[in-house]
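In case you want the letters, here they are:
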Amino acid sequence: MRESEVVRRAFAMPLTNPAYPPGPYRFVDREYLIITYRTDPAKLRSVVPAPLDLDEGEALVKYEFIRMPDSNGFGDYTESGQVIPVSFRGRKGGYTHCMFLNDEGPIAGGRELWGFPKKLGQPTLRTELDTLIGTLDYGPLRVATGTMGYKHREADVAQVKAALQEPNFLLKIIPHVDGSPRICELVEYHLEQLVLKGAWTGPAALSLTPHALAPVSDLPVLEIVSAVHIRADLTLGLGKVVHDYLQQPVRRPVGGHERALVT
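Note that the structure is predicted; figures quoted are calculated from it, not measured.

### Thoughts on the overall build of the protein chain
Item 1. What the protein chain contains, in helices and strands, is 4 helices and 17 strands.
Item 2. What you see for the protein chain is a C-alpha radius of gyration of 19 Å, in line with the 18 Å of a compact globule of 263 residues.
Item 3. Oriented by its inertia axes, the alpha-carbon framework of the protein chain measures out at about 55 × 55 × 40 Å.
Item 4. For the protein chain, the residues scored as buried account for 43% of the 263 residues in total.
Item 5. Contacts in the protein chain between residues at least 24 apart in sequence constitute 65% of all its contacts with a sequence separation of at least 6.
Item 6. Looking at the protein chain as shown, the accessible area adds up to about 13,800 Å², and 52% of this sits on carbon and sulfur atoms.

Below is the structure:
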């Protein structure tokens, strides 16, 4: 294979059989259970990277279970994880803190293209009688269980749609061959061509269990604030870099004060 052909064919790894196809990535009948809860503000601050800002008065986390039965290029899979409400340069959005899913293609594509913090897990989202149930297992252990009364009340559709259209932020990290960071960027992406098919709310509960490699309980549940069940069609838009950490001055403490060093 000539060098020119390598460059022409290079999209994703492996070269001759990529783990996922090029986008766009369209999702049909995507289903969400999102439980918003209040957590420890200090623990929340410790995991949100600057230059993203927190609303110190709220200390909220959105725990999400997402069922994706019809996804272009990725097939049928489920994911679960935590999204933290943040702002960036005055714009409100969400920072994806962690995600666990059960399909190699979107794990590889999500990490390599956008920088989604995806790991292999076994999430589920299903309806059992009068209850919507989301679970996350890491190996043989249950680390998250979320429940909500099934379609108790219709949610404010305009408010839900506006929330889904807010910007989303990711920390994309790709190492160099020597282990040093080659890419370290804050990425912004949006959900596009959104068709909201329904949104409902109801009573909800969330239980998180400690696990060394799936530490969702590090952001503990102090109070359930709200819950929403959503069905929608949408396109996952490709991202753009809004902050390059490797091109910024590095700040190191000197004599009790910070000093900017350009590296």
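### Section: the sheet that holds strand E7 (residues 131–138)
Item 1. Strands sit in the order E6-E7-E8-E13 across an open sheet of 4 strands; the sheet is antiparallel. Of all the strands in the sheet, just strand E6 (122–128) and strand E13 (204–208) have a single pairing partner and so form its edges. Each strand of the sheet is rotated relative to its neighbour by a mean of 10°, with strand direction disregarded.
Item 2. The pairing of E7 with strand E8 (residues 141–149) spans 8 bridges and is antiparallel. Of the residues in E8, the one forming a bridge with Leu-136 is Ala-144.

### Things to note about the pairing of strand E14 (residues 223–236)
Item 1. As judged from the 12 bridges shared by strand E1 (residues 25–38) and E14, these two strands associate in the antiparallel manner. Bridge pairing in E14 places Tyr-37 opposite Ile-224.
Item 2. Here strand E12 (residues 191–201) pairs with E14 via 7 bridges, running antiparallel. If you follow Gly-198 over to E14, its bridge partner there is Arg-231.

### Section: the UniProt feature "active site" (unreviewed entry) in the protein chain
Item 1. The feature "active site" (unreviewed entry), as annotated in UniProt, sits at Lys-118 in this numbering.
Item 2. Here Lys-118 lies in strand E5 (residues 118–120).
Item 3. Those residues in contact with Lys-118, other than ones at most four positions away along the chain, are Glu-79, Met-99, Leu-101, Pro-106, Ile-107, Gly-110 and Arg-111.
Item 4. Within the structure, the side chain of Lys-118 is placed 3.3 Å from the backbone oxygen of Pro-106, a separation counted as a polar contact.

### A short note on the environment of Ala-205
Item 1. Structurally, the position occupied by Ala-205 is in strand E13.
Item 2. The spacing of Ala-205 and Gly-149 is 56 residues in sequence and 9.5 Å in space, taken between C-alpha atoms.
Item 3. Non-local contacts of Ala-205, meaning those with residues more than four positions away in its chain, are made with Ile-35, Thr-145, Gly-146 and Thr-147.

### Focus: helix H3 (residues 104–114)
Item 1. Buried residues of H3: Gly-105, Pro-106, Ile-107, Ala-108, Gly-109, Gly-110 and Trp-114, and no others.
Item 2. Immediately beyond the C-terminal end of H3, within one or two residues, lies Gly-115, with a positive phi of roughly 100°.

### Observations regarding the pairing of strand E11 (residues 181–189)
Item 1. Judged from the 8 bridges that link them, strand E10 (residues 168–175) and E11 form a sheet pairing that is antiparallel. The residue bridging Phe-169 from the neighbouring strand is Glu-188, located in E11.
Item 2. Taking the residues that link successive antiparallel strands as the turn, the E10-E11 hairpin has 5 residues, and the phi of Gly-179 there is positive, at about 95°.
Item 3. Relative to strand E15 (residues 240–244), E11 is paired through 4 bridges, and the arrangement is antiparallel. From the neighbouring strand, Val-187 faces E15, where its bridge partner is Val-241.

### Brief notes about the confidence of the model for the protein chain
Item 1. Considering every residue of the protein chain, the mean pLDDT works out to 93; 94% of them sit at 70 or more.
Item 2. Every residue in residues 253–263 scores below 50 in pLDDT, and together they form 17 contacts with partners more than four places removed in sequence or on other chains.

### Side note on the nonpolar core
Item 1. Formed by 33 residues in total, the largest nonpolar core has its most connected members in Leu-52, Tyr-63, Ile-84 and Val-86.
Item 2. Put simply, the parts of the chain that give this core at least two residues each are E1, strand E2 (60–71), strand E3 (75–88), strand E4 (91–101), E7, E8 and E13.
Item 3. Excluding anything up to four places from it in sequence, Val-86 contacts Val-48, Leu-52, Asp-53, Leu-54, Arg-91, Lys-92, Gly-93, Gly-94, Tyr-95 and Phe-169.

Cut-offs and rules
Residues numbered from 1 in each chain as written. Predicted model: local features only at pLDDT ≥ 70, side-chain atom pairs only at ≥ 80, totals over all residues. Heavy atoms only, no water. Helix = DSSP H or I, 4+ residues; strand = E, 2+ residues; numbered from the N terminus. Rg over C-alpha atoms; globule rule 2.2 N^0.38 Å. Buried < 20%, exposed > 50% of the residue type's maximum accessible area, 1.4 Å probe, protein only. Contact = heavy atoms within 4.5 Å. Areas by Shrake-Rupley, 256 points an atom, 1.4 Å probe, with all protein chains shown as cover. Pairing = 2+ DSSP bridges. Axes fitted to C-alpha atoms, helices over the stretch in contact; angles between N-to-C directions. UniProt positions renumbered as here; feature names shortened; annotations may be inferred. Polar contact = N/O pair within 3.5 Å; in protein donor to acceptor, adjacent residues only side chain to side chain. pLDDT = per-residue confidence, 0-100. Core = buried A, V, L, I, M, F, W, Y, C linked by side-chain atoms within 4.5 Å.

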